[in-house]
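# A structural walkthrough
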Amino acid sequence: MSSDERQAMNTNFQTHTVKSFGEELDRLSDDVARMGGLVETLVSDCLQAVMRRDGDLADSVIERDRQVDQMERDIEKRVIRLFALRQPMATDLRMTIAAYRISHELERIGDLAKNIARRCRVLNESEPHEMTRSVDRMGRLVVSQLHEVLNAFSAGSLDDAHSAMKTDDEIDEIYNSLFRELLTYMMEDARTISPSTQMLFVAKNLERIGDHNTNIAEMVHYVLTGEDWRRDRSMSDPDRES
Amino acid sequence: MSTVYHDTQIENAKVALDAVGVTYGSKTAVSGVSLRIPDRSVTAFIGPSGCGKSTVLRTINRMNDTIDIARVSGSVKIDGEEINSKSVDPVVLRARVGMVFQKPNPFPKSIYDNIAYGPRIHGLASGKSELDAIVETSLKKAGLWNEVADRLDQPGTSLSGGQQQRLVIARAIAVSPEVILMDEPCSALDPIATAKIEELIDELRENYCIIIVTHSMAQAARVSQMTAFFHLGDLVEYGPTEAIFTNPRDQRTQDYITGRFG
């Protein structure tokens, strides 16, 4: 079976004989999509906050992360309920497992966005950092990757999921070069050590978000094909050479 | 219509069906069913009512012979031997291939005689003590011995539904079958009695080739290693149970096991 046929098979459902079961599954994927939307805004806002040195926006990211945590708990409850009462099978089973795991990944991404927002306040205490624009570029790539995986999940698109996985290598490369550049700054001028370290944390958090995005893409692959897709992480670990 | 076979090597095939078809008069019940069923494992036949799963099950011990208008085509082999050939005595075949039905059907005899009947007519025991031993081991294998050891002379029909079902399984085991066919063996039982039968099936799997027809998908998932999905007289998909329930290949299998059948 080609991947296109698979996709058609998985997205082109008949309705459930027990309608309420179908509705609960729909509701679950809607919830994950909504949570994804919120997390995407948080990542893009925390980046904005750092770029524009906007402390209030950073605070609002930290505040909104609580909502993300609550959404994860709600999805978890819904998943437990589905398993207990409906015993989902086949695509329904895969979808339910994926919703559970994706919500967990999204919660982690929310935490990382909150972390970046916290760096913002500290960064604002020193002069604007020259590396801000490279971090911005990396951030934009991470946001577009997240957008792509969420889209892959909602639309059931295997191509988008795979394309998002590829983006991760690019993100890792940017992180590696950022790391080296920041080291150079710190060696050249000891006064930049504090803001450079903060910048490095921001970049590291973005790189981690990229990893979580990739995990989501892998889950989308699993939902659509039923096959496991675990990449050999050791090959692309950005900290390997640093 | 072609069957989707999962990529699984079945090295120890006990039962092999090749292009099996069954017609009742002018009506085709099943056609073109080919599958190899492994020994010492449980294979589940699932599918909606009227899909032909019981009909296929009944070709394996020639139960369709008892229906005048039924015609069976294709080949059914057990250990490589064609069972539909004239040289095979259906009575002997049915001792090798035991069967358990939906409703427990103990003989209107004592518990002891229910078990001893088969070994007696097949001449499997040379004396009373040997027969006693067969009765005891059969009841033990069926997990019923402890419940009935002190009342073997009571009628089999005096037992509860779940006990009666284990009694008829013991009766099937008593003639040392190689294959045990079960046609919805738990559909008349409560959940506890069902769990006991499922546990029993899991134990029997070590020594027998078991084929079970079930309407409960959860049961198929729990007890079987291989699953065959039938629909409208076709074998749609056949593969390892885990694969069928997590990643079915055919849309019809998918729709059926997720409860979306139109």
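Residues numbered from 1 in each chain as written. Chains lettered and ligands numbered in written order. Predicted model: local features only at pLDDT ≥ 70, side-chain atom pairs only at ≥ 80, totals over all residues.

Picture the strands of a sheet paired through backbone hydrogen bonds; they go either parallel or antiparallel. Taken together, the 4 strands give an open sheet; going across it, the order is β3-β2-β5-β6 (chain B), and neighbouring strands pair in antiparallel fashion. With partners counted over all chains shown, the strands left at the sheet margins are β3 (27-38) and β6 (81-82) of chain B, one partner each. (Pairing = 2+ DSSP bridges. Helix = DSSP H or I, 4+ residues; strand = E, 2+ residues; numbered from the N terminus.)

Because each turn of an α-helix spans 3.6 residues, side chains separated by three or four positions in sequence point in the same direction. Residues and elements named next belong to chain A. Its 33 residues place the ends of helix α7 (residues 193-225) 47 Å apart at the C-alpha level, agreeing with the 48 Å of an ideal helix rising 1.5 Å per residue. Among the 33 residues in α7, 25 count as buried, and that is most of the element. Just beyond α7, the residue with positive phi is G226, at close to 80°. (Expected span 1.5 Å × (residues − 1). Buried ≥ 20, exposed ≤ 12 C-beta atoms within 10 Å, placed from the backbone.)

Residue and element names in this part refer to chain A. Where helix α2 (residues 19-52) contacts helix α4 (residues 90-123), the two axes come as close as 9 Å, and the packing angle between them is 20°. Judged by the angle between their axes, α2 and α4 are roughly parallel. Viewed along their axes, α2 and α4 form a crossing whose handedness is left-handed. Looking at the contact of α2 with α4, its residues break down into 20 nonpolar, 5 polar and 2 charged. (Axes fitted to C-alpha atoms, helices over the stretch in contact; angles between N-to-C directions. Parallel < 35°, antiparallel > 145°, perpendicular 65-115°, else oblique. Left-handed = near helix turned anticlockwise from the far one by under 90°. Nonpolar A, V, L, I, M, F, W, Y, C, P; charged D, E, K, R; others polar.)

Strand order in the open sheet formed by 7 strands is β1-β11-β10-β4-β9-β8-β7 (chain B), with mixed pairing between adjacent strands. Every interior strand has two partners, whereas the edge strands, β1 (4-5) and β7 (97-100) of chain B, have only one.

Here we take up the interface of chain B and chain A. Of the residues lining the interface, 16 residues belong to chain B; the matching set on chain A comes to 17 residues. Those elements that place two or more of their residues in the side of chain B that touches chain A are α8 (217-223), α9 (241-246) and α10 (251-257) of chain B. No other element matches the 4 residues that α10 of chain B contributes to the side of chain B that touches chain A. Along the lines of polarity and charge, the residues of the side of chain B that touches chain A split into 6 nonpolar, 7 polar and 3 charged. (Contact = placed C-beta atoms within 7 Å.)

Under the feature "domain: ABC transporter" (unreviewed entry), the UniProt entry names residues 15-257 of chain B. Along residues 15-257 of chain B, the helical share is 37% and the strand share 27%, with 25 Å between the first and last C-alpha atoms. (UniProt positions renumbered as here; feature names shortened; annotations may be inferred.)

Note that R40 of chain B resides in the loop between β3 and β4 (42-46). The sequence separation of R40 of chain B and E206 of chain B amounts to 166 residues, and the corresponding C-alpha distance is 5.4 Å.

Per-residue pLDDT for chain B averages 93, and the proportion of residues at 70 or more is 99%. Taken over the whole predicted complex, pTM reads 0.80, whereas the ipTM for its chain interfaces reads 0.72. (pLDDT = per-residue confidence, 0-100.)

Residue and element names in this part refer to chain B. Core analysis: the biggest nonpolar cluster contains 72 residues, and A170, V179, I180, I210 and I212 have the highest contact counts within it. If you tally residues by element for this core, the top one is helix α6 (residues 161-174), at 7 residues. In contact with I180, other than residues within four places in its own chain, are G98, V100, A172, L204, Y208 and I210. (Core = buried A, V, L, I, M, F, W, Y, C linked by C-beta atoms within 7 Å.)

All names here are of chain B. Between the first and last C-alpha of helix α7 (residues 191-204) there are 20 Å, a value that for 14 residues agrees with the 20 Å anticipated at 1.5 Å per step. Among all positions in α7, only I197, L200, I201 and L204 are buried. Axial view of α7: buried residues confined to an arc of 105°, hence all on one face. Exposed residues lying more than 90 degrees from the buried face of α7 are P191, I192 and E199. (Arc of directions from axis to C-beta.)

We now examine the pairing of strand β2 (residues 13-24) of chain B. Residue and element names in this part refer to chain B. The pairing of β2 with β3 spans 8 bridges and is classified as antiparallel. What sits directly across from V15, in β3, is I37. Linking β2 back to β3 in an antiparallel pair, the connection comprises 2 residues, with G25 at a positive phi of about 60°. Across 8 bridges, the pairing between β2 and strand β5 (residues 70-78) is antiparallel. For D18, the partnering residue across the bridge sits in β5 and is S75.

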